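Structure at a glance
If you want the building blocks of each chain, they are given just below.
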Amino acid sequence: MNTVRAIDMNFFDTLAYAKDLEKAGFTQIQAETLAEKNKEIFNNNLVTKKDLSEGLAKTKYEMIKWFVGALVAQSAIIVSLIKFL
């Protein structure tokens, strides 16, 4: 689902992450860059409840469509077999 996010979801604490990276030996610039890039990755790949609802609705529609089609085909086969008996 390629949707443009209107808000920046702040589930990822970039400051704390950058400080942890600095403690581990990264330079400040490296730590800040990694923190920002990881935030971008997380924000672009998180799925919202709306995304899940839309996907579920599409899946339900496809399942019902295939079920009805299979039911019609099965009924036609049964009717044809009964005619031959």
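Model, not experiment: these values are computed from the prediction.

With respect to a nonpolar patch on the surface
- Side chains of Ile64, Phe67, Val68, Leu71 and Val72 sit close together on the surface and give an oily, nonpolar patch of about 500 Å² of accessible area.
- Within the secondary structure, Val68 is located in helix 3 (residues 49–84).
- When its relative accessible area of 44% is taken as the criterion, Val68 is described as partly exposed.

Thoughts on the side chain of Thr14
- Within the element layout of this structure, Thr14 appears in helix 1 (residues 14–23).
- Setting aside anything within four residues of it in sequence, one finds Thr14 in contact with Ala35, Glu36 and Lys39.

Topic: the packing of helix 1 against helix 2 (residues 28–45)
- Packing of helix 1 against helix 2 brings their axes to within 8 Å, and their N-to-C directions diverge by 140°. By the criterion of interaxial angle, the relationship of helix 1 to helix 2 is oblique. Judged by the sense of rotation from one axis to the other, the crossing of helix 1 with helix 2 is right-handed. Counted together, Thr14, Tyr17, Ala18, Leu21 and Glu22 of helix 1 and Gln28, Ala31, Glu32, Leu34, Ala35, Glu36, Asn38 and Lys39 of helix 2 form the full contact between these two elements.
- Counted by class, the contact of helix 1 with helix 2 contains six nonpolar, three polar and four charged residues.

Considering helix 1
- Among all positions of helix 1, only Thr14, Ala18 and Leu21 are buried. Each buried residue of helix 1 lies within a common arc of 60° when the element is viewed along its axis, so the set occupies one face. Across helix 1 from its buried face, at more than 90 degrees, point the exposed residues Leu15 and Lys23.
- Turning to helix 1, the residues buried within the fold contact helix 2.
- The residue sitting at the N-terminus of helix 1 and contributing the capping side-chain oxygen is Asp13; that oxygen lies 3.3 Å from the backbone nitrogen of Leu15.

Comments concerning the confidence of the model for the chain
- For the chain, mean pLDDT is 85; residues scoring 70 or higher make up 87% of the total.
- Taken element by element, the predicted model of the chain shows its lowest mean pLDDT in helix 2 (88) and its highest in helix 3 (92).
- Note that pLDDT drops below 50 for residues 1–6; the model gives that stretch nine contacts with residues more than four away or on any other chain.

The rules we used
- Residues numbered from 1 in each chain as written.
- Predicted model: local features only at pLDDT ≥ 70, side-chain atom pairs only at ≥ 80, totals over all residues.
- Heavy atoms only, no water.
- Patch = residues over 30% accessible without salt bridge, like charges linked within 9 Å, V, L, I, M, F, W, Y side chains within 5 Å.
- Areas by Shrake-Rupley, 256 points an atom, 1.4 Å probe, with all protein chains shown as cover.
- Salt bridge = Lys/Arg side-chain N within 4 Å of Asp/Glu carboxyl O.
- Helix = DSSP H or I, 4+ residues; strand = E, 2+ residues; numbered from the N terminus.
- Buried < 20%, exposed > 50% of the residue type's maximum accessible area, 1.4 Å probe, protein only.
- Contact = heavy atoms within 4.5 Å.
- Axes fitted to C-alpha atoms, helices over the stretch in contact; angles between N-to-C directions.
- Parallel < 35°, antiparallel > 145°, perpendicular 65-115°, else oblique.
- Left-handed = near helix turned anticlockwise from the far one by under 90°.
- Nonpolar A, V, L, I, M, F, W, Y, C, P; charged D, E, K, R; others polar.
- Arc of directions from axis to C-beta.
- Polar contact = N/O pair within 3.5 Å; in protein donor to acceptor, adjacent residues only side chain to side chain.
- pLDDT = per-residue confidence, 0-100.

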